[in-house]
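Observations on the model geometry
Here is what each chain is made of, one letter per residue.
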Amino acid sequence: MNKNHQSKQYDLLLKDWKSIFVNLVTEMKVISEAVRFACLNQWLSGDERNG
């Protein structure tokens with residue numbers, strides 16, 4: 001097994017992990033935004049009902 005080939009595979013793996021991590025972070029941001037929006041919506045509609 002030559003070392004160069006191994007390091008190339010490792011680089012690819014690292015790139016995959018980076019993209020997976022970036023996707024995860026982006027998705028978490030989107031989800032938290034959606035949750036906050038939903039909570040705000042709920043709170044506003046609840047406020048209207050009480051008022």
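As a reminder, the structure under discussion sits directly above these lines.
Notes on the structure follow. (Residues numbered from 1 in each chain as written. Predicted model: local features only at pLDDT ≥ 70, side-chain atom pairs only at ≥ 80, totals over all residues. Heavy atoms only, no water.)

**Some points on the overall build of the chain**
The test is simple: A run of DSSP states H or I qualifies as a helix once it reaches four residues; a run of E qualifies as a strand once it reaches two. Both are numbered from the N-terminal end. Relative accessibility decides the category of a residue: with a 1.4 Å probe and only protein chains considered, values under 20% of the type maximum give buried, values over 50% give exposed, and everything between is partly exposed. Here the accessible surface of atoms and residues is derived via Shrake-Rupley with a 1.4 Å probe, and residues count as covered only by protein chains that are part of the display. Residues scored as positive are Lys and Arg, those scored as negative are Asp and Glu, and His as well as the terminal groups of each chain are ignored. Note that the charge is assigned to NZ on lysines, CZ on arginines, CG on aspartates and CD on glutamates.
What the chain contains, in helices and strands, is 1 helix and 0 strands. Overall size of the chain, expressed as C-alpha extent along the three principal axes, is 75 × 10 × 5 Å. A burial count over the chain gives 2% of its 51 residues as buried. Per element, the accessible surface of the chain, about 5200 Å² overall, is 63% carbon and sulfur. Between the mean site of the 7 positive side-chain charges and the mean site of the 6 negative ones, the chain shows a separation of 14 Å.

**Notes on a nonpolar patch on the surface**
The condition is simple: Candidate patch residues must exceed 30% relative accessible area and have no salt bridge, after which like charges are joined if within 9 Å and Val, Leu, Ile, Met, Phe, Trp or Tyr side chains if within 5 Å. What counts as a salt bridge is simple: a side-chain nitrogen of Lys or Arg found within 4 Å of a carboxyl oxygen of Asp or Glu.
Taken together, the side chains of Tyr-10, Leu-13, Leu-14, Trp-17 and Ile-20 make up a nonpolar region of the molecular surface, amounting to roughly 560 Å² of accessible area. Of note, Ile-20 is situated in helix α1 (residues 3-50). Residue Ile-20 is classed as partly exposed on the basis of its relative accessible area of 45%.

**Side note on the environment of Lys-3**
Considering the arrangement of structural elements, one finds Lys-3 in helix α1. Separated by 40 residues in the primary sequence, Lys-3 and Trp-43 place their C-alpha atoms 59 Å from one another.

**Observations regarding the pattern of salt bridges**
Applying the stated criterion to the full structure yields 1 salt bridge. The salt bridge involving Arg-36 is made with Glu-33; its shortest N-O contact spans 2.7 Å. With Arg-36 and Glu-33 both in helix α1 and 3 residues apart, this pair spans about one turn of that helix. Judged by relative accessible area, Arg-36 falls into the exposed class, the value being 55%. Classification of Glu-33 as partly exposed rests on a relative accessible area of 43%.

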